[in-house]
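# Report on the structure
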Amino acid sequence: MMEETPEHISETTPVIPDVSAVIIGRNGCSYLKKCLDSVKRAEPKFSEIIYVDDASSDGSAAWVRRCHPEARVIALEERKGPSHARNAGIAQARGPLVLLMDCDAYPAPSCAGLLAEKIARSPQALLAVPKIILGGTDIVQHGGGRCHILGMTVFQDAWGGTGRIGGHNLPFTSCGGSIMMVNKAVLPPDLRFDENMFFSCEDADFALGAAIRGMKVLYEPDATGHHGNERLGAEFKGLVGYPREKIFYQSRNRRWLILKNFELKTIILTFPLQLLFECAVFMLALGRGASGEYLKSWLSFFSGLPAMLKARKIAQSNRRIPDAGLLTSNDLSLRPSLTRFKTVIPISILFNAVCRLWWSVVKSLTSESFPPRSEPEACCSRVLFLAPQPFYRL
């Protein structure tokens, strides 16, 4: 019998490389058992399991060492947020593919294999993300996404809806970070999760940073994972409101994402829409009694400008795709806690219509050609950290 060689393997059956599982967490000991159990049920098996502990105070790292000795624990001494933890995990992972997950996320047994196969069919893709189900429900929290002209993410299938970005055939340029697979083999040495952002939008920033370089961000709807965050589930049921702390982080980081990744022409042409959106966010902050957090977000935004301008120089020097091919003006994905306000729905309908009309007019003005992307360098274990610690902490 002829020995099977790569020449005799069907082109429709990609070779799946080793996958490292990297779990990040802070004070998530109550979630870790379910997370690690789901990781161990994966088929095919992970080549290694790494837990990165972001300076927890609940004994998470010790529990993993004691109850799961097969997992490698990286215990960070100082809390620096999920971006730093992800960067540390990627740097330590031995596999060419890395499945990143928060400790409150539970991938289905087939999730990693399907994502790895998706990347194997498109080897220059940097990211692949699954469909995320809200824990304890059958509600889709989100799928893949595209970056909105306001710097937010418009998710596919967000919060039980479908088709929000126009179908699975459009290129994805953003994503959520609860579960994602990174193709470390093609990760450029100057592209990392931005540690200056600390929390919120850092996943979208990473995906958009890949997309502007011409690297693919993939979405596999057949791959699923559950997000077990209890607060998010309570928000969906109407038991709690929009998190006050997110007003600070999302406001500041959304501005940084725009400054860092958008073309200058896009920033100028969409500036009137940005002002309108800032007014809406400020009204939300007032309603939540979080006007102080909103004002602090501006102070922190300006204090971080030097680092963001350096990051912008790197991002724009690597740009290969114009904003016209990356951004969308489709309806924003609103969190359930926002849609319960009677005035939010009509205002959002009007605002979405204005955004679509505005972008249809100015979009052609942003289009220009860029040099073709050269082959990416092999992965680098260097972790970038440009700015001081965040102005505001949870």
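Just so we're clear, the structure is a prediction, and the values are computed from it rather than from any experiment.

Cut-off values and rules
- Residues numbered from 1 in each chain as written.
- Predicted model: local features only at pLDDT ≥ 70, side-chain atom pairs only at ≥ 80, totals over all residues.
- Heavy atoms only, no water.
- Helix = DSSP H or I, 4+ residues; strand = E, 2+ residues; numbered from the N terminus.
- Buried < 20%, exposed > 50% of the residue type's maximum accessible area, 1.4 Å probe, protein only.
- Contact = heavy atoms within 4.5 Å.
- Areas by Shrake-Rupley, 256 points an atom, 1.4 Å probe, with all protein chains shown as cover.
- Expected span 1.5 Å × (residues − 1).
- Phe/Tyr/Trp six-rings, centres within 6.5 Å; stacked < 30°, edge-to-face > 60°.
- Lys NZ or Arg CZ within 6 Å of the ring centre and 35° of its normal.
- Salt bridge = Lys/Arg side-chain N within 4 Å of Asp/Glu carboxyl O.
- Pairing = 2+ DSSP bridges.

Here we take up the overall build of the chain. Looking only at helices and strands, the chain features 13 helices and twelve strands. The buried share among the 394 residues of the chain stands at 55%. Of the contacts made within the chain by residues no fewer than 6 positions apart, 79% connect residues no fewer than 24 positions apart. A total of about 17200 Å² of accessible surface is found on the chain, and carbon and sulfur atoms cover 60% of it.

For helix 7 (residues 244-261), built from 18 residues, the straight-helix expectation of 26 Å at 1.5 Å per residue is met to within 8% by its first-to-last C-alpha distance of 26 Å. By the criterion of burial, helix 7 is predominantly enclosed, with 16 of the 18 residues buried.

This part is about the side chain of Glu278. With respect to the helices, strands and loops of the structure, Glu278 is situated in helix 9 (residues 271-287). In contact with Glu278, other than residues within four places in its own chain, are Arg254, Arg255, Tyr294 and Trp298.

Pro44 follows Glu43 through a cis peptide bond whose omega is 0°. Tracing the chain through its elements places Pro44 in the loop between helix 1 (29-40) and strand 2 (48-54). A positive phi is found at Ala55, a non-glycine position, where the angle reads about 55°. Mapped onto the elements, Ala55 comes out in the loop between strand 2 and helix 2 (60-67). With a phi angle near 85°, Ser200 is a residue other than glycine that sits in the positive phi range. Tracing the backbone shows Ser200 in the loop between strand 10 (179-183) and helix 5 (202-211).

This part takes up the packing of aromatic side chains. For any two aromatic rings, the description comes down to two numbers: the centre-to-centre distance and the angle of the planes. A full pass over the atoms with the stated rule returns ten aromatic pairs. Between Phe282 and Tyr294, the aromatic rings sit 5.3 Å apart at their centres with planes inclined by 50°, giving tilted as the arrangement. With Phe282 in helix 9 and Tyr294 in helix 10 (residues 291-303), this pair connects stretches of sequence that are twelve residues apart. The aromatic ring of Phe193 is capped on one face by Arg86, whose charged end is 5.2 Å from the ring centroid. Directly above the aromatic system of Trp298 lies the positively charged group of Arg255, at a separation of 3.7 Å from the ring centroid.

Once that is clear, we can look at the pattern of salt bridges. Going through the model one piece at a time under the given rule, you end up with 17 salt bridges. Where Arg319 meets Asp323, a salt bridge forms, and the shortest distance between an N and an O atom there is 3.1 Å. Each member of the pair, Arg319 as well as Asp323, carries the same accessibility label: buried. A single salt-bridge network, built from bridges that share partners, covers Glu48, Arg72 and Arg94.

Looking now at the sheet that holds strand 12 (residues 327-328). Taking strand neighbours across the sheet as the criterion, the three strands line up as 9-8-12 in an open arrangement whose pairing is mixed. At either end of the open sheet lies a strand with only one pairing partner, and these are strand 9 (153-155) and strand 12. As paired strands, strand 8 (residues 145-148) and strand 9 are joined by three bridges and run antiparallel to one another. Residue pairing across strands places Cys147 opposite Thr153, the latter belonging to strand 9.

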